[in-house]
Every structure is written in C-alpha cells, then in structure tokens.
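# Fold and geometry: a report
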Amino acid sequence: MTAAVVTAWRNLSVNNQLRKNKMALIGLAIILLLVIVAAIAPVFVPHHPYEQDLEKAFLPPSLEYPFGTDDFGRCIFSRIIFGTRISLAIGVVVTAISAVTGIILGMLAGFYSGIVDEVIMRIVDIFLAFPGLILALVIAGLLGPGMFNVLFALSLVGWMGYARVVRGVVLAEKEKNFVETARALGAGSLYIMYRHLLPNVLAPVIVMATLGIGQAILAAAGLSFLGLGAQPPVPVWGSMLNDGKMYLQTAPHLTIFPGLAIMITVLSFNFLGDGLRDLFDPRLREKTIE
Amino acid sequence: MLKYIIRRLAMLVIVVIGVTLVTFTMIHLAPGDPAELMAIARYGLENLSEEDIERIRVAEGLDAPIFIQYLRWLGHTVTGDLGRSLVTADPVQEEILLKLPATFQLALAALVVSLLVAVPAGIISAVKQHSPLDYLTMTGALLGVSMPNFCLGLLLILFFAVKLGWFPVYGYGGLSHMILPAITLGTGMAAITTRLTRSSMLNVLRQDYITAARSKGLSEGQLIFSHALKNSFIPVITIVGLQIGHLLEGTVIVESIFAWPGLGKLLVDSIFARDFSMIQGCALLFAVLFVLINLLVDISYVYLDPQIRYEKES
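Conventions adopted
- Residues numbered from 1 in each chain as written.
- Chains lettered and ligands numbered in written order.
- Predicted model: local features only at pLDDT ≥ 70, side-chain atom pairs only at ≥ 80, totals over all residues.
- Heavy atoms only, no water.
- Helix = DSSP H or I, 4+ residues; strand = E, 2+ residues; numbered from the N terminus.
- Buried < 20%, exposed > 50% of the residue type's maximum accessible area, 1.4 Å probe, protein only.
- Areas by Shrake-Rupley, 256 points an atom, 1.4 Å probe, with all protein chains shown as cover.
- Rg over C-alpha atoms; globule rule 2.2 N^0.38 Å.
- Domains from an automatic or database assignment.
- Contact = heavy atoms within 4.5 Å.
- Buried area = accessible area lost by both parts, 1.4 Å probe.
- Salt bridge = Lys/Arg side-chain N within 4 Å of Asp/Glu carboxyl O.
- Polar contact = N/O pair within 3.5 Å; in protein donor to acceptor, adjacent residues only side chain to side chain.
- Nonpolar A, V, L, I, M, F, W, Y, C, P; charged D, E, K, R; others polar.
- pLDDT = per-residue confidence, 0-100.
- 1 Å grid on protein atoms, 1.4 Å probe; cavity = no way out; pocket = protein on both sides within 12 Å on 5 of 7 lines; lining within 4 Å.
- Points joined across faces, edges and corners; volume = space filled by probe spheres on them.
- Disulfide = S-S within 2.5 Å.
- Expected span 1.5 Å × (residues − 1).
- Arc of directions from axis to C-beta.

## Some points on the overall build of chain A
For chain A, the count of helices and strands is 12 helices and zero strands. Traced from its N-terminal end to its C-terminal end, chain A shows the element sequence α-α-α-α-α-α-α-α-α-α-α-α. Across the 290 residues in chain A, those meeting the buried criterion constitute 56%. About 12,600 Å² of surface is accessible on chain A, with carbon and sulfur atoms providing 69% of the total.

## Points about the overall build of chain B
Counting its secondary structure elements, chain B contains 12 helices and zero strands. Reading chain B from its N terminus to its C terminus gives the helix and strand order α-α-α-α-α-α-α-α-α-α-α-α. Computed over its C-alpha atoms, the radius of gyration of chain B comes to 25 Å, more than 25% above the 20 Å expected for a compact globule of 314 residues. Oriented by its inertia axes, the alpha-carbon framework of chain B measures out at about 90 × 55 × 30 Å. For chain B, the proportion of its 314 residues judged to be buried stands at 50%. For chain B, the exposed area adds up to about 14,800 Å²; of that, 68% sits on carbon and sulfur atoms.

## Details of the domain arrangement of chain B
All names here are of chain B. Considered domain by domain, chain B is made up of domain 1 (2-92) and domain 2 (95-304). The distance between the C-alpha centroids of domain 1 and domain 2 comes to 34 Å. Taken together, the contact pairs 27 residues of domain 1 with 20 residues of domain 2. Counting the surface lost from both domain 1 and domain 2, the interface buries some 2,000 Å², and carbon and sulfur atoms represent 72% of this. Applying the counting rule to domain 1 against domain 2 returns zero salt bridges. Counting every contact that joins domain 1 to domain 2 gives five residue pairs in polar contact (both at pLDDT 80 or more). Listing elements by their share of the side of domain 1 that touches domain 2, those giving two or more residues are α1 (2-29), α2 (34-43) and α4 (66-78). By residue number, the principal contributor to the side of domain 1 that touches domain 2 is α1, which donates 12 residues. Partitioned by chemical class, the residues of the side of domain 1 that touches domain 2 number 19 nonpolar, five polar and three charged.

## Brief notes about the interface of chain B and chain A
Taken together, the 57 residues of chain B in the interface contact 53 residues of chain A. Of the roughly 4,800 Å² buried between chain B and chain A on both sides combined, carbon and sulfur atoms contribute 80%. Contact with chain A buries surface across chain B, with B:F150, B:L154 and B:E249 losing the most and accounting together for 13% of the total. One can count zero salt bridges joining chain B with chain A. At the junction of chain B with chain A, the criterion picks out four residue pairs in polar contact (both at pLDDT 80 or more). Contributions of two or more residues to the side of chain B that touches chain A are made by α1, α6 (132-146), α7 (149-163), α8 (175-205), α10 (220-258), α11 (263-273) and α12 (276-304) of chain B. With 10 residues, the single largest contributor to the side of chain B that touches chain A is α1(B). Looking at the side of chain B that touches chain A residue by residue, the class counts come to 42 nonpolar, nine polar and six charged.

## Examining the confidence of the model for chain A
Residues and elements named next belong to chain A. Averaged over every residue, the pLDDT of chain A is 83; residues scoring 70 or more account for 90%. Per-element averaging of pLDDT across chain A places helix α1 (residues 2-11) at the bottom with 52 and helix α4 (residues 76-112) at the top with 93. Within the model, pLDDT remains below 50 along residues 284-290, and this stretch shows 17 contacts once partners closer than five positions in the same chain are excluded.

## A closer look at the layout of surface pockets
All names here are of chain B. There is about 680 Å³ of room inside the second largest pocket. F24, E60, L62, Q69 and W73 are, among the 26 residues lining the second largest pocket, the residues nearest its centre. For the lining of the second largest pocket, the secondary structure elements donating two or more residues are α1, α2, α4 and α12. Considering every element that reaches the lining of the second largest pocket, the biggest residue donor is α4, with five residues. Grouping the amino acids of the lining of the second largest pocket by side-chain chemistry returns 12 nonpolar, eight polar and six charged. Each of domain 1 (2-92) and domain 2 (95-304) contributes no fewer than three residues to the lining of the second largest pocket.

## Details of the state of the cysteines
Two cysteines form a disulfide when their sulfur atoms are joined by a covalent bond. Counting across every chain of the model gives zero disulfides over all chains. Cysteine A:C75 shares no disulfide, and the gap to the nearest cysteine sulfur, in B:C151, comes to 19 Å.

## What to know about α4(B)
Residues and elements named next belong to chain B. Taking 1.5 Å of rise per residue, 13 residues should cover 18 Å, and α4 covers 18 Å from first to last C-alpha, within 8% of that figure. Buried within α4 we find Q69, Y70, W73 and T77. Take α4 and look down its axis: the buried residues cluster within an arc of 100°, on one side only. The exposed set on the far side of α4, more than 90 degrees from its buried face, consists of F67, L71 and V78.

Okay, here's the thing in structure tokens:
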C-alpha cells in the first residue's frame with residue numbers, strides 16, 4: 001500500500017509549481033499546528049481524555065464538548081487531541097527506525113558491493129515481494145496487541161525503500177573524485193561513509209521520510225482499527241474509529257471526527273513531502289503540462 | 001523471457017521460505033501455547049487437563065525443536081497440506097480455498113469499479129482541461145487518495161446503508177452486498193488511475209500526430225478514441241498492474257469492515273483467535289498470490305509495450 005500511495009503522489013500532476021509550493025506550505029503549517037497541539041495537549045483540552053461520565057454518553061457536539069462524547073461519555077475532542085501525540089510519535093519513531101536501518105544497510109551494500117551487496121539486496125527483494133501491511137498485521141497480531149509491537153512490525157516492513165535509494169546514491173557517488181581524494185589522503189571507510197557519502201543521501205531520505213511519516217500514521221491507524229495497537233482506554237485514532245463503528249447509526253460523530261483527524265494529518269505529510277521533493281531534487285520534478 | 005520467468009519463480013520460492021520463516025519465528029515468540037489452545041478447542045475449557053495438553057503436544061509434534069517443526073511444516077506444505085486449524089481442527093487449506101473466491105470477487109469488483117470511474121473521468125478531465133468539471137474531478141481524486149479505506153468504508157455505510165437504506169450494512173450475498181465494499185476498496189486505486197489517465201492523455205494530446213490528425217479534419221471524438229486513447233494507456237496499465245497486488249492488501253481491512261467472508265477477514269479472525277496454523281496458511285497464500293500477480297503483470301508488459309525487453313536487464 002505504501003508503495004502504491006507513494007507512486008500515486010509521484011504521479012499526481014499538480015498544474016503549476018506555485019500551487020504545489022502553496023500546498024507544501026499548507027501541509028507544513030498544519031503539521032506545525034499538530035505538533036504544538038500535541039505538545040500542549042494537557043493544558044489545551046477541555047476535559048481529561050479518560051474522564052468518564054456515563055450520563056453524558058453520546059452527546060452531540062456542543063460548546064462544552066466540541067466533538068461530542070463517546071459511548072463512555074468521554075470528550076471526543078480531548079481524546080483526539082491526545083491521540084495526536086500518539087499518532088505523531090508512532091509516525092516519527094517508525095520512520096526514524098526504518099530510515100536509519102535503511103541508510104545503514106543501503107550504505108553498506110553500495111559501498112562494499114560484492115557479496116555484501118548481494119545478500120542485503122536479496123533480503124530487500126524478499127521483503128518487497130510481500131505486501132507490507134499484511135506482514136505487519138501478522139507480526140503485530142502474533143506478538144499480541146500493544147503499541148510496541150505495532151512499532152516493531154511497521155519498522156520491520158518499512159526500511160527497504162530507504163536501503164534501495166541510499167544504495168543507488170552511494171553507488172553513483174563513491175566513484176567520484178572527492179571520495180578518491182579522501183581515500184588517497186588516508187581516510188578510512190567509516191569516515192568516508194559518514195563524512196562524504198551520508199550528506200549526499202540525506203536529501204532523498206528526508207523526502208521519503210516525510211511521506212513515510214504519513215504512511216506510518218495511516219498504517220498504524222489501520223492496525224489499531226483492526227484492534228491491534230495501544231489498548232483502551234488509551235486514545236488512539238484508529239481504535240476510536242473502531243469503537244465508533246458500532247454506533248454509526250445513532251452517533252456518527254464518534255466515527256467522523258477521528259476519521260477526519262487521520263485524513264488531515266496524512267494529507268499534510270503528503271503535501272509537505274511532495275513539495276520537499278521538488279525543492280531538493282529538480283530532476284524529479286514532473287514535467288509541467290501547462 | 002523464459003529465463004526471466006524462471007528466475008522470478010525461483011524468487012517466489014525464496015520469498016515463501018522467507019515469509020514462513022518470519023511468521024514461524026513470530027509464532028515461537030508469541031504468547032500462548034498451541035497445544036493448550038488445541039486442547040481447549042477439542043475438550044472445552046472446563047475439561048482442560050495437563051495430560052490432554054501433553055498428549056496433543058506429542059501427537060501434533062509440538063514438542064520438537066522449532067526448526068524441526070518448521071521443516072516438517074514445509075514438507076507438508078509442499079504436498080499441499082497446511083495442517084489443521086488450532087480452533088476448529090478443520091484442514092487449513094480447505095478453509096482457505098473456501099474463502100478465496102469471495103476475496104477474488106471483491107478484488108475484481110474493486111478493479112472494475114475503479115476503472116469504470118477512473119478512465120472516463122480522466123479522459124473527460126483531460127479533454128475539458130481547466131473546466132469546473134476538471135477541477136471537481138481532481139479534487140475528488142485528491143480526497144480519494146488521502147482517505148484511509150476504513151474511514152471511507154464507514155462513511156459509505158453511514159450514508160448509503162444506514163441513512164438511505166439502499167444497500168445492506170454488511171455481509172455477503174448478491175450484487176447489493178458487493179457494491180459498498182467494492183467502492184471502498186476501489187476508490188484509492190480510482191483516484192490514482194484518474195490522475196494518471198488525465199496526465200497521460202494531456203501528454204498525448206500535445207503530440208504532433210494529433211495536431212496532424214486534427215488538421216486532416218478528424219472530429220474530436222474520432223481523435224480521442226482512435227488516436228489518443230491507445231497511446232495514453234501504457235502508463236495507465238503499468239500503474240493499474242502495480243496496484244492489483246495492493247488491492248489484495250486492502251481486502252484485509254475492507255473485509256473486516258463489511259464482514260465479507262474472504263481471506264483477509266479469515267486472517268484477522270485467526271489472529272484474534274490465536275489460530276497459529278491458520279495464520280501461517282493465510283500469510284503463505286497472500287505471499288504466493290502477491291508474487292504471482294506481480295509476475296503476471298510484468299510478463300504482460302512485454303506484450304503490451306514492445307520497448308520493454310527483460311533479457312537486456314540481466
């Protein structure tokens with residue numbers, strides 16, 4: 001799924017560059033807003049996210065409860081705000097683990113070539129040949145529900161893209177004169193990788209990681225929607241949707257607001273990632289059709 | 001070409017071994033004792049005795065070291081025997097074959113839905129570029145690609161099943177049961193395909209031979225359908241092919257929302273029932289399907305686009 005959506009974004013032909021930059025800025029603004037909201041959540045929310053009041057269950061949105069209340073009478077707005085923390089944390093941690101793993105393995109494969117390259121890239125092929133979400137589901141499911149298991153499962157299926165891209169860049173860069181010069185001056189392999197090759201892979205990795213955070217948030221929401229991930233009463237967007245689905249008929253606000261939260265967050269990361277790609281790598285910029 | 005196919009099939013074997021190894025390791029790490037689960041399933045929780053558990057452990061070979069168990073399982077799998085469900089004691093392969101058609105139906109219906117929407121929408125959008133219709137389509141596509149399928153599924157249920165009552169809320173049956181799940185699964189793909197059809201069509205419409213055809217006096221309809229369409233389709237088919245494997249992935253969530261009795265729901269249910277042998281079987285089947293579909297898609301390109309030749313690659 002991740003690959004399909006990334007491909008999709010690559011193929012979205014937004015008509016002109018200006019509009020694209022505007023979208024990237026909107027994405028960035030929303031992400032900053034989400035980060036601030038997540039940081040100051042405790043002082044920001046009108047109610048405690050765990051505070052139950054069964055007499056106030058299923059209230060429609062009002063001034064006191066901006067998004068209404070859920071089946072336990074908890075404030076949906078407060079729970080979504082606290083859910084922002086968890087979602088952003090999952091997205092960032094999964095992406096960081098995937099990216100670091102991918103950079104290290106891709107760097108090794110590209111730098112040493114030969115048998116090291118062969119082994120690493122075959123492992124990449126094996127992981128890429130399997131639908132990532134299903135593998136993550138099986139792993140998280142077998143290890144049992146819980147946030148850590150979701151983090152582990154999503155990181156395990158998310159690193160291959162980084163490894164491929166980093167390997168490609170390293171293969172191209174390591175033949176260049178500055179690397180030869182450094183080696184002639186007596187620099188060791190680790191030093192060359194860190195000092196000369198790493199800076200060159202950062203731009204594509206940052207673009208991938210921005211899109212990756214959105215995808216990780218989406219995948220984590222999917223897993224917690226299925227009932228894996230952090231368990232009640234922890235406010236997670238995916239499981240809030242799952243709870244709400246039983247009351248779709250009578251109280252659709254239980255479903256609609258967490259759904260919107262997921263959508264807006266993922267959309268923002270996609271906007272920003274797309275804009276960053278244009279900024280960092282003009283070669284990847286799509287031919288404008290105007 | 002043959003060499004390429006053989007190489008890809010060898011890859012399939014490696015992928016299957018890799019996937020089963022990963023799931024087997026996870027099962028070993030997972031909490032829960034398979035022998036105990038089987039004993040509960042067979043004799044009930046109240047009749048549970050240590051002797052029964054141990055007897056089942058020995059009888060099912062669960063006392064052997066993990067790699068021996070893995071080799072045994074692999075040996076059985078080669079002969080088409082995926083073992084028995086830990087919960088129902090039914091053969092895993094029978095259960096999976098029973099669920100497979102529903103998943104194929106859903107994936108196929110989603111594919112049809114997405115193409116029926118995306119191709120005309122993309123063409124109209126390209127031909128009427130910058131019209132309100134174009135902007136409407138592109139906004140819809142943008143929303144479609146960023147909306148998680150579980151949100152969309154629930155929204156569709158809310159409006160079309162609960163409020164309007166046009167379709168059943170969930171379940172399996174006739175065409176009316178299939179429409180909402182197919183739309184849910186097909187929307188993401190439709191959004192991507194619409195945008196691609198549009199940009200591909202726009203590209204083709206700017207070619208010289210289109211101008212030449214137009215100056216010969218061809219009508220716009222003839223121009224689009226007999227000249228432009230065919231040439232704008234290769235990139236579209238590429239992306240559609242790539243997405244078919246991911247449709248399978250989407251079935252897991254969509255089947256769970258709509259209680260659609262397919263492979264995806266079977267997998268999720270087995271995970272919650274901790275039915276290890278069923279999970280193993282489902283994972284295996286998803287892996288095989290995924291690799292085979294990608295292989296078929298790759299092979300079909302060679303026939304669609306003569307510029308692609310796989311021999312050169314190796």
